[in-house]
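# Architecture at a glance
Below are the chains, spelled out letter by letter.
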Amino acid sequence: MKELLKAPFMVEMVRTITNMYNHGWDERNGGNISVLLDECEVAEYLDVTRVIRNIPTGFEAPELDGKYFLVTGTGKYFKNVQYEPEVNLGVLRLTDAGKNAELLWGFTDGGKFTSEFPAHMMSHVARLSVNPHNRIVMHCHPANLLAMTYVHDLDEKAFTRTLWQMCTECIVVFPEGVNVLPWMLCGTNEIGEATAEKMKTARLVVWAQHGIYGAGQDLDETFGLIETAEKAAEIYMKIAHLPLVNTITDKQMHELEQRFGFTAREGYLD
Ligand code: 2HA
Ligand code: ZN
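Residues numbered from 1 in each chain as written. Chains lettered and ligands numbered in written order. Predicted model: local features only at pLDDT ≥ 70, side-chain atom pairs only at ≥ 80, totals over all residues. Heavy atoms only, no water.

## As for the overall build of the chain
Broken down by element type, the chain carries 11 helices and nine strands. Expected size for 270 residues packed as a compact globule is a radius of gyration near 18 Å; at 19 Å, the chain falls within 12% of this value. Judged by the C-alpha coordinates and their principal axes, the chain covers about 60 × 35 × 35 Å. The buried share of the chain, reckoned over its 270 residues, is 55%. Taking all contacts inside the chain whose residues are at least 6 apart in sequence as the whole, residues at least 24 apart take part in 72%. Accessible area for the chain stands at about 12100 Å²; split by element, carbon and sulfur atoms hold 51% of it. (Helix = DSSP H or I, 4+ residues; strand = E, 2+ residues; numbered from the N terminus. Rg over C-alpha atoms; globule rule 2.2 N^0.38 Å. Buried < 20%, exposed > 50% of the residue type's maximum accessible area, 1.4 Å probe, protein only. Contact = heavy atoms within 4.5 Å. Areas by Shrake-Rupley, 256 points an atom, 1.4 Å probe, with all protein chains shown as cover.)

## Section: the sheet that holds strand β4 (residues 89-95)
One open sheet accounts for nine strands, arranged β2-β5-β4-β3-β1-β6-β9-β8-β7; its pairing is mixed. Two strands bound the open sheet, and with one partner strand each, they are β2 (53-56) and β7 (179-181). Here the strands of the sheet are splayed against their neighbours by 25° on average, with no regard to which way each runs. With four bridges connecting them, strand β1 (residues 32-37) and strand β6 (residues 136-140) associate as antiparallel partners. Paired with serine 34 across the strands is valine 137, a residue of β6. (Pairing = 2+ DSSP bridges. Axes fitted to C-alpha atoms, helices over the stretch in contact; angles between N-to-C directions.)

## Quick word on the coordination of the zinc ion (ligand 2)
At this site the zinc ion (ligand 2) is bound by His139 (NE2), His141 (NE2) and His210 (NE2), with donor distances of 2.1 Å. Between consecutive donor residues of the zinc ion (ligand 2), the sequence gaps follow H-x1-H-x68-H. Here histidine 210 lies in the loop between β8 (204-207) and β9 (211-216) and histidine 141 lies in the loop between β6 and α6 (143-151), a separation of 69 residues in the sequence. What makes histidine 141 buried here is its relative accessible area of 14%. The class of histidine 210 is buried, set by a relative accessible area of 16%. (Donors = N, O, S within 2.8 Å, 3.2 Å for Na, K, Ca; no water.)

Next up, the structure:
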């Protein structure tokens, strides 16, 4: 059996979490990540027949039955993950139509998966239905995106168009735009279902006055998505109170579509 802490998926997870903490996106226990793993990938590092304990999930997700995830723990600090990954992270397998999680590794202090587990698992179902290669769901609290939800219209088209206008690369990186949820109670199945519904049409979902969810094929892509949106929000927060003299026009956005070969969300450009 190979050493799990040296598995590429584990090394990348710890590096990404540390990087997110260093970006200031994950104060205290803020933020959570889940990574969908292949059984054969896990079996190189763990005896998958050895279940440490069972943890009820409180929801159903039959589409994820038998699937393996690497997830951050509830109440755990991103700051500490690099020093004690086995306490702060867990590898688990969903069973009983997603109603039960079998812990295979980690959460060694008796802990369990993130409080946002419903939003993560329901978002995986939604993204997998759009892209079977989706493996990552990432949540964090980047300051400028959060700030923007206090001062900008939360209409998805308006919010997306503003972000697109803040940096040339934005529309290239997230041509489907960002979806937005109004403030809702976090950690519930309700916000999980609402997030998953929004995840069907975009890889970024803003939680007003809370943070953002990103989804993607790998940790780099997903981190980069949030990083790009957060950069745009930062520019917005620098200029929103100043007279606007220049912008990126819709005509220029169409030039980007041509040049980079993507299609912007229908109806979002003139
Ligand atoms: O895990 O970010 O949304 C802490 C959170 C809850
Ligand atoms: Zn949060």
